[in-house]
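Geometric and topological summary
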Amino acid sequence: MNKRRRISRAKKRKYKILGMFCGVMALMILFAEIVRDKGVEKPKPEAVKTVQTNVEEKPTELEAHQIQNVKVIPQEDLKAGCETYACTMLLNILGFDVDQYTIADNYLFCKYITWDESGNKYGPDMNSAFAGSAYAGWGVYSPSMAKSMNQYLKDQKSNLKAYNNENIPLETLCRDYVSHDIPVMIWATTDMDEPYVFDTWTVNYVDENAKTKIGDSFSWYMHEHCLVLIGYDSKNYYFADSSAGKISVFEKNLVNERYKFFGCQSIVVK
């Protein structure tokens, strides 16, 4: 009986030692794996590729457009009346049956240029009135021209109104109006020639639109001209041009220079 117990205890010690040995071996194997992992560089995960989408960073250029069936009226009888012709052509495009003589004789607000005994010259601020007349004169700027057009529209009992604008880029006018077949009057120069001071007078008339005051000096620029913007493409602007008697096409950068020179003046009827 005692002999059997001694054998049983011996077996237990043997199994215990064997278990401890196995545990130590397992730890050694685990340690070896860890050391090996640290010494070998693992492959890096592949970077995630970014798919480039066709997103435009810049505004898309306007597609070419031109208002159709525009009748250009040649500037023949009214030698100083480019603004009158432009106004008439714009109104015709919008469906009004009016001619240049009706506008010149009934709706332009004119103030004549005068001289005193000493030869000093006097006249209006052209933002306030036409200097001279469409038959023989100097011209008028957009604020006064818009007032004349609004009087005509009122007499026609129209719901439309002429809006005098300044400092609106030509691209904006094309996008907002011309692309929707709404013509725009703008101030630039004949054939886009370079303007220069040709005449000067002392201001003797102003209204709420004047940019000068009584007694100030006002200069008129040679080649000042009013046209109707009716189209555009990637390089050019298209105009109903009374001076040329046809649709004129001018390069965009040049038109922008002349347009900016006169303060980016424009009129839209809407």
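Check the entry above for the structure.
Now for a description of the structure that goes with this document.

Thresholds applied
- Counting from 1, residues in each chain are numbered in the order their sequence is written.
- Residues qualify for local features only when their pLDDT is at least 70, as the model is predicted, and side-chain atom pairs are given and counted only at 80 or more; totals for whole chains, interfaces and linings, by contrast, use all residues.
- In computing side-chain properties, one takes all heavy atoms of the structure into account and sets aside hydrogens as well as water.
- A pair of strands is treated as paired once DSSP finds two or more bridges between them.
- Helix numbers and strand numbers start at the N terminus; a helix is a DSSP run of H or I with at least 4 residues, a strand a run of E with at least 2.
- Centre distance within 6.5 Å is the pairing criterion for rings of Phe, Tyr and Trp, where only the six-membered ring of Trp is used; planes under 30 degrees apart are then read as stacked, over 60 as edge-to-face, and the remainder as tilted.
- A 1.4 Å probe rolled over the protein chains alone gives each residue an accessible area, and that area as a share of the maximum for its type sets the label: buried under 20%, exposed over 50%, partly exposed in between.

Brief notes about the sheet that holds strand E10 (residues 217-222)
As summarised here, the arrangement of the four strands in space is E3-E4-E9-E10, forming an open sheet in which the pairing is mixed. What marks the edges here is a single partner per strand, and that holds for strand E3 (114-115) and E10. Bridge count between strand E4 (residues 121-124) and strand E9 (residues 196-205): three bridges; the pairing is parallel. Across the sheet, tyrosine 122 pairs through a bridge with threonine 202, a residue of E9.

So, the packing of aromatic side chains
Within the structure shown, the criterion is met by twelve aromatic pairs. Centre to centre, the rings of tyrosine 107 and tyrosine 152 are 5.5 Å apart; their planes meet at 90 degrees, and the pair counts as edge-to-face. Here tyrosine 152 lies in helix H4 (residues 142-155) and tyrosine 107 lies in the loop between helix H3 (100-106) and strand E2 (110-111), a separation of 45 residues in the sequence. Here tyrosine 152 falls in the buried class, since its relative accessible area comes to 3%. Plain terms: the ring middles of tyrosine 221 and phenylalanine 261 are 5.0 Å apart, the flat faces sit at 90 degrees to each other, and that makes the pair edge-to-face. Note that tyrosine 221 is positioned in strand E10 and phenylalanine 261 in helix H6 (residues 252-261), a separation of 40 residues in sequence. One aromatic cluster in this structure is built from Trp138, Tyr141, Trp201, Phe218, Tyr221, Phe261 and Phe262.

Focus: the pairing of strand E14 (residues 265-269)
Most of E14 sits inside the fold, with five of its five residues counted as buried. Here five bridges tie strand E7 (residues 162-166) to E14, and the two strands are oriented antiparallel to one another. Among the inter-strand pairings, glutamate 166 is bridged to a residue of E14, identified as glutamine 265. Across three bridges, the pairing between strand E8 (residues 184-189) and E14 is antiparallel. Within E14, the position partnered with valine 184 by the bridge is valine 268.

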